[in-house]
Amino acid sequence: MIIVNIISGIVSGFMLMSQSLILSVISFVAAGIGTVPLIMILRNTEDVESLRAEVAYLRSELHKMQHTDETDNGCGYSLERSVDKWQCIKCKAVNPEGTNTCSNCGEFYSSKVNPPNRYR
């Protein structure tokens, strides 16, 4: 499309050169101006394609992040159970091993948040 526009502008410019120099210059300028929107559309199309690829990559990363913890119960709380005694970070109560909630306040256990086995 761009090539056709440029060629038609050049041909019409040379044809109008026999009539008038001003008309031929106007034809060359019009052909040049006419190709600018086509070039911009082409560049934007390339940008859209790269953004589509980036969105697909980010969706796959989000899917991986959402499905990494197999013990997730869907509420944002983990169903993992403690291996050793653990101290609740909310009320500081020491809870027995094999539990996933605090016996005092009901706070959920998380190996990422609660201190490791200091209470043997």
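None of these values were measured; they are calculated from a predicted model. (Residues numbered from 1 in each chain as written. Predicted model: local features only at pLDDT ≥ 70, side-chain atom pairs only at ≥ 80, totals over all residues. Heavy atoms only, no water.)

**Student:** Can you lay out a nonpolar patch on the surface for me, pointing to particular residues and giving the numbers?
**Tutor:** A cluster of nonpolar residues, I6, I10, F14, M17, L21, V25, F28, V29 and I33, forms a patch on the protein surface that exposes about 810 Å² of accessible area. Contributions of two or more residues to the nonpolar patch are made by α1 (2–17) and α2 (21–66). In terms of residue count, α2 provides more of the nonpolar patch than any other element does, five residues in total. Relative to the helices and strands, I33 is located in helix α2. (Patch = residues over 30% accessible without salt bridge, like charges linked within 9 Å, V, L, I, M, F, W, Y side chains within 5 Å. Areas by Shrake-Rupley, 256 points an atom, 1.4 Å probe, with all protein chains shown as cover. Salt bridge = Lys/Arg side-chain N within 4 Å of Asp/Glu carboxyl O. Helix = DSSP H or I, 4+ residues; strand = E, 2+ residues; numbered from the N terminus.)

**Student:** Go over the packing of α1 against α2, please, and point to the residues and values.
**Tutor:** Axis separation between α1 and α2 bottoms out at 7 Å; the angle between their running directions is 175 degrees. One way to sum up the angle between α1 and α2 is to call them roughly antiparallel. Where α1 approaches α2, its residues I2, N5, I6, G9, I10, S12, G13, F14, L16 and M17 are matched on the opposing element by L23, S24, S27, F28, A31, G34, T35, L38 and I39. Class assignment for the residues of the contact of α1 with α2 results in 11 nonpolar, eight polar and no charged. (Axes fitted to C-alpha atoms, helices over the stretch in contact; angles between N-to-C directions. Parallel < 35°, antiparallel > 145°, perpendicular 65-115°, else oblique. Contact = heavy atoms within 4.5 Å. Nonpolar A, V, L, I, M, F, W, Y, C, P; charged D, E, K, R; others polar.)

**Student:** Requested: an account of the environment of N100, with residues and values cited.
**Tutor:** Relative to the elements of secondary structure, N100 occurs in the segment after β2 (94–95). With 14 residues separating them in the primary sequence, N100 and W86 have C-alpha atoms 9.8 Å apart. With near-sequence residues (within four places) excluded, N100 lies in contact with L79, E80, R81, W86, E107, F108 and Y109.

**Student:** Mind laying out the pattern of salt bridges, listing which residues take part and the relevant values?
**Tutor:** For the coordinates displayed, the defined rule picks out one salt bridge. Residue R52 is joined to E49 by a salt bridge in which the shortest nitrogen-to-oxygen separation is 3.1 Å. Residue R52 and its partner E49 are both found in helix α2; the two are separated by three residues, about one turn of the helix. We classify E49 as partly exposed; its relative accessible area is 41%. (Buried < 20%, exposed > 50% of the residue type's maximum accessible area, 1.4 Å probe, protein only.)

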